[in-house]
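Residues per chain, in single letters:
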Amino acid sequence: MPFGSPFLAFHWPYCTLSRRGKQWPNRPLSHFSTGCPPGKHLTIAHNPGTLKGRKEGCLVETERAREAISHWAQEGESFTPPAWEDLPTIPLYMDQVILYLGESLELFQREESASLLTNSMINNYVKHGLLPHPEKKKYSREHLGALMAICALKQVLSMQDVDTLFGQGPLDRETYALFREAHQRAVQETCQALEKTCREKEDLKQAALLLAVEANAKRAAAERILCELGRQEKPAGKEKRD
């Protein structure tokens, strides 16, 4: 029945429906047909108590989300990537590498079941030259430092851009230190601002929008730099191979 029908008062989502004196209180509108035979009156009355309860439920869910976000932000404020000296000196097997990186970068996992690093990912990085080949199936400190950076940067850069950034050879101590310092500072500053947003009960969706816009602008700037650098490196690489 069209919304303009004189026989239908439409109030979503919970209603009290009555027809020929019989009532079905507090039932979802989807349970009933909106069609009405000729000569039969169908009325649906608004149930304000139920809508009030749904509104209160939404507020409770928002507060639950705010508490979870605030807890995550507080963890991020104290986030410290492993220093070069703290990376394992004893070479690790692949399963040990995945466990170590997973624990070190747990803050960035969206879901507990979603891993930032898998066996196939590591093999793919080796295949495309982002990582040196392991020695006797073991991965050194240099491998771990490179994987730490790759896992963080692959969220915003393509593998081609990561290759331009680190593809000239193994990640050295100085480059890793630069990455670590910038990564730690960016995470801590962002989480401090986010924790303030939660504490002062500011709009969460607006905060997410502003963060996403800022992240997109910085991603575009990084991509432009690496795109231009990649163009310069390709001819040099071709001449070298020739």
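First, a word on scope: everything that follows refers to the structure included in this document.

## A look at the packing of aromatic side chains
Piece 1. Under the definition given, this model contains three aromatic pairs.
Piece 2. Ring geometry for Phe 79 versus Phe 108: centroids 5.2 Å apart, planes at 85 degrees, classification edge-to-face. With Phe 79 in the loop between helix 1 (48–77) and helix 2 (94–104) and Phe 108 in the loop between helix 2 and helix 3 (119–127), this pair connects stretches of sequence that are 29 residues apart.
Piece 3. Feature note: the residues Trp 84, Tyr 176 and Phe 179 constitute an aromatic cluster, connected by ring pairs.

## Digging into the nonpolar core
Piece 1. In terms of nonpolar packing, the biggest core is built from 33 residues, with Val 97, Leu 101, Leu 117, Ile 122, Leu 147 and Met 148 touching the most fellow members.
Piece 2. Every element with two or more residues in this core is listed here: helix 2, helix 3, helix 4 (141–153), helix 5 (159–166) and helix 6 (173–199).
Piece 3. When residues in this core are grouped by element, the largest group, nine residues, is from helix 4.
Piece 4. With residues up to four places along the chain from it excluded, the contact list for Leu 117 reads Val 97, Ile 98, Leu 101, Ile 122, Tyr 125, Leu 147 and Cys 151.
Piece 5. Ala 73, Leu 107, Val 187 and Cys 191 belong to the second largest nonpolar core, which has six residues in total.

## Points about the side chain of Ser 104
Piece 1. Looking at the element boundaries, Ser 104 is found in helix 2.
Piece 2. With a relative accessible area of 18%, Ser 104 lands in the buried category.
Piece 3. Looking at Ser 104, its side chain comes within polar contact range of the main-chain oxygen of Tyr 100, at 2.9 Å.

## Some words on the side chain of Gln 188
Piece 1. In this fold, Gln 188 is placed in helix 6.
Piece 2. In this structure the side chain of Gln 188 is engaged in a polar contact, spanning 3.4 Å, whose partner is the backbone oxygen of Glu 77.
Piece 3. Once residues within four sequence positions are removed from consideration, Gln 188 is found in contact with Gly 76, Glu 77, Ser 78, Phe 79 and Thr 80.

## Section: the packing of helix 4 against helix 6
Piece 1. Running from N to C, helix 4 and helix 6 cross one another at 40 degrees; their axes reach a closest spacing of 10 Å. On the basis of the axis angle, helix 4 is oblique to helix 6. For the pair helix 4 and helix 6, the sense of crossing is left-handed. In this structure, helix 4 uses Gly 145, Met 148, Ala 149 and Ala 152 to contact helix 6, whose residues at the interface are Tyr 176, Phe 179 and His 183.

Here is what the cut-offs are and how they apply
Residue positions within a chain follow its written sequence, with the count starting from 1. Local features in this predicted model are restricted to residues whose pLDDT is 70 or higher, and side-chain atom pairs enter the listing and the counts only when it is 80 or higher, whereas totals over whole chains, interfaces and linings include all residues. To get the side-chain values, all heavy atoms of the structure are used, and hydrogens and water are removed first. Classification of ring pairs uses Phe, Tyr and Trp, with its six-membered ring standing for Trp, and accepts pairs whose centres are within 6.5 Å; under 30 degrees between planes counts as stacked, over 60 as edge-to-face, and the remaining range as tilted. Secondary structure counts use DSSP, requiring at least four H or I residues in a row for a helix and at least two E residues in a row for a strand, with both numbered from the N terminus. Only buried Ala, Val, Leu, Ile, Met, Phe, Trp, Tyr and Cys residues count toward a nonpolar core, and they belong to the same one when joined by side-chain atoms within 4.5 Å. Summary of the burial criterion: residues with accessible area below 20% of their type's maximum are buried, those above 50% are exposed, and those between are partly exposed, where the area comes from a 1.4 Å probe applied to protein chains only. Only heavy atoms enter the contact rule, under which two residues are in contact if any of them lie within 4.5 Å. Here a polar contact is recorded for every N or O atom pair within 3.5 Å, except that within protein the pair must consist of a potential hydrogen donor and a potential acceptor, and residues adjacent in sequence are included only if both atoms are side-chain atoms. In this analysis an axis means a line fitted to C-alpha atoms, helices contributing only their contacting stretch, and an angle means the value between N-to-C directions, from 0 to 180 degrees. Note on terminology: angles under 35 degrees are roughly parallel, angles over 145 are roughly antiparallel, angles of 65 to 115 are roughly perpendicular, and the others are oblique. Here a crossing is taken to be left-handed if its near helix is turned anticlockwise relative to the far helix by less than a right angle, and right-handed if that turn runs clockwise.

The quantities given are spatial measurements derived from coordinates; they are silent on function.
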